[in-house]
Amino acid sequence: MVLTVHHLDNSRSQRILWLLEELQVPYEVKPYKRDAEHHAPKELKDVHILGASPVLTEGDFVLAESGAIVEYLLRKYGKQRETLPESAQIDDIYFTHYAEGSLMPILLSKIIYRMIPERAPVLLKPFLWCIFDALSHRLVTPQLRTHREYIEVRLGESEGGFFAGGSEPTAADFMMIFPLELWGKMFPESFGPRCREYIDRIHERCASQTSIPSATTELSDSIEKGGEYDLF
Ligand SMILES: N[C@@H](CCC(=O)N[C@@H](CS)C(=O)NCC(=O)O)C(=O)O
């Protein structure tokens, strides 16, 4: 039975590709293309009723939700969280959940405030831009500023440069990379320098993985398998 990543282009399933590369576990990618409205195609619902990516399958086994997949794969193939110092374990748990629980909703609301006027009929656009821009500045920008300060401080405190404090990525990093890439790409004006340095370092690390001789699936191969990743 083969581990299969059901991968939607430019999506959270990039997290799982990076993790599987790090773990050097053999896997296959089943690609799905977003439709004109940017939604996943209907076929993904045949794999998991919610129809969102990523989904991991292995025979009859089906698992959705990127955080659950990260935890599952690390538990099965990775270094156990319990081997980290206790404070690092707490940071790892915290940032693993913070990524989807706190940071993603803020970024998504900022994206929606931008998307509504962008997709509105031409005549309504100027009016809606005015309203949604003002709402976004009032409601979302201050939150994003606070989160930026918080993450910048955390990265500054981390001795090894990763979220749990060490020099190797943990679940927290596999989760945090996606919202940080999204933020840097969509709202670069509010993106922090340590966050920029963090994602550059991870991209360098990914690039160098292509030369790991024992890797069963090389990253360049996986990027090819997953299609182009526009957030990178
Ligand atoms: N919290 C879920 C979110 C899954 C999700 O919304 N995935 C997006 C891609 S990043 C998706 O499949 N969107 C397509 C759609 O909703 O049609 C996770 O972390 O896996």
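The protein carries the name glutathione transferase in an unreviewed UniProt entry, which gives Thelephora terrestris as its organism. The heading Catalytic activity (unreviewed entry) in the UniProt record of the protein holds the text "RX + glutathione = an S-substituted glutathione + a halide anion + H(+)". One UniProt comment on the protein, placed under Sequence similarities (unreviewed entry), says "Belongs to the GST superfamily."

Chemist: Please clarify how the sheet that holds strand β3 (residues 55-58) should be interpreted in this entry.
Modeler: Sheets are built from strands that pair by backbone hydrogen bonding, the pairs being arranged parallel or antiparallel. Reading across from one edge, β2-β1-β3-β4 is the order of the four strands in this open sheet, with mixed pairing throughout. Both outer strands of the open sheet, β2 (28-32) and β4 (61-64), are each paired with one neighbouring strand and no more. Neighbouring strand axes in the sheet, compared pairwise and without regard to direction, differ in orientation by 20 degrees on average. When strand β1 (residues 4-8) meets β2, the two strands line up parallel, connected through five bridges. In the sheet register, Leu-8 faces β2, and the bridge partner there is Tyr-32. Packed on one face of the sheet, helix α1 (residues 13-23) meets β1 and β2 and runs near 140 degrees to β1.

Definitions and limits used
Residues numbered from 1 in each chain as written. Predicted model: local features only at pLDDT ≥ 70, side-chain atom pairs only at ≥ 80, totals over all residues. Heavy atoms only, no water. UniProt positions renumbered as here; feature names shortened; annotations may be inferred. Pairing = 2+ DSSP bridges. Helix = DSSP H or I, 4+ residues; strand = E, 2+ residues; numbered from the N terminus. Axes fitted to C-alpha atoms, helices over the stretch in contact; angles between N-to-C directions. Contact = heavy atoms within 4.5 Å.

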